Amino acid sequence: MDYIEQLDIYHIPRRCASCGGVMIYKGVGEYHCEDCDAVAYDDYGKVRMYIEAHNGATAAMIERDTGVSQKTIRQMLREQRIEIAADSRAFLHCDICQKAIRSGKLCPECEAKVHRSLEGQVRNQKEKSVQGFGMQQHPQGESGSKRFVRDTDRP
Ligand SMILES: [Zn+2]
Ligand SMILES: [Zn+2]
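Scope of this entry: the structure provided in the associated data block. The model shown is predicted, which means the values in this text are computed figures rather than measured ones.

## Digging into the sheet that holds strand 1 (residues 23-27)
Thinking step 1. Taken in spatial order, the three strands line up as 1-2-3 in an open sheet, and their pairing is antiparallel. What marks the edges here is a single partner per strand, and that holds for strand 1 and strand 3 (39-41). The mean angle between the axes of side-by-side strands here comes to 35 degrees, regardless of whether they run parallel or antiparallel.
Thinking step 2. As paired strands, strand 2 (residues 30-33) and strand 3 are joined by three bridges and run antiparallel to one another. Bridge pairing in strand 3 places tyrosine 31 opposite alanine 40.

See below:
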């Protein structure tokens, strides 16, 4: 999915730093661990929180205090992360569902769906790597022994 790559320039936290759980997108750049409830932010979340706390902050201040590069900050301003003027009649439309939106490329619902799909991918990887160890012997051993029993029981 292209949207995952686009969102990923904001450094989405995918795994929990403390327990390795899947980080679930909660909106506006905030993520909660589904296992231990730890909270983390992507670059957009960090910048957004900083701007809320520091009205009139410059890009240089934001970079210094959040660690998010000015290049990424410019990208947020240019590409999608600031709202167009409230009195503007030129509404934007969500790239996926075409709903009218006031900023960005996706409506909040579609952006959340894109994140759900990424979370599913990470979860599948996690489950595969867990199953890889213990489960592998079972299905083969079982079908092998069943076939063996059936063959020898036949009169
Ligand atoms: Zn966790
Ligand atoms: Zn949409």
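Past the structure itself, the notes keep going.
## As for the pairing of strand 1
Moving residue by residue along a regular strand, the side chains alternate between the two faces of the sheet.
Thinking step 1. Bridge count for strand 1 against strand 2 is four bridges, and the pairing is antiparallel. Its bridge partner lying in strand 2, isoleucine 24 is registered against histidine 32.
Thinking step 2. Following strand 1, the chain reverses through two residues before pairing antiparallel with strand 2; valine 28 in that reversal takes a positive phi of roughly 40 degrees.

## Looking at the nonpolar core
As a rule of thumb, soluble globular proteins bury nonpolar side chains together.
Thinking step 1. Among the nonpolar cores identified, the biggest contains eight residues, and these are Cys16, Val22, Met23, Tyr25, Tyr31, Cys33, Ala40 and Tyr41.
Thinking step 2. Listing elements by their share of this core, those giving two or more residues are strand 1, strand 2 and strand 3.
Thinking step 3. Of all hydrophobic cores here, the second largest spans six residues; its members include Tyr44, Val47, Ile73 and Met76.

So, how was this worked out
Residues numbered from 1 in each chain as written. Chains lettered and ligands numbered in written order. Predicted model: local features only at pLDDT ≥ 70, side-chain atom pairs only at ≥ 80, totals over all residues. Pairing = 2+ DSSP bridges. Helix = DSSP H or I, 4+ residues; strand = E, 2+ residues; numbered from the N terminus. Axes fitted to C-alpha atoms, helices over the stretch in contact; angles between N-to-C directions. Core = buried A, V, L, I, M, F, W, Y, C linked by C-beta atoms within 7 Å. Buried ≥ 20, exposed ≤ 12 C-beta atoms within 10 Å, placed from the backbone.

Just geometry here; none of it tells us what the structure is for.
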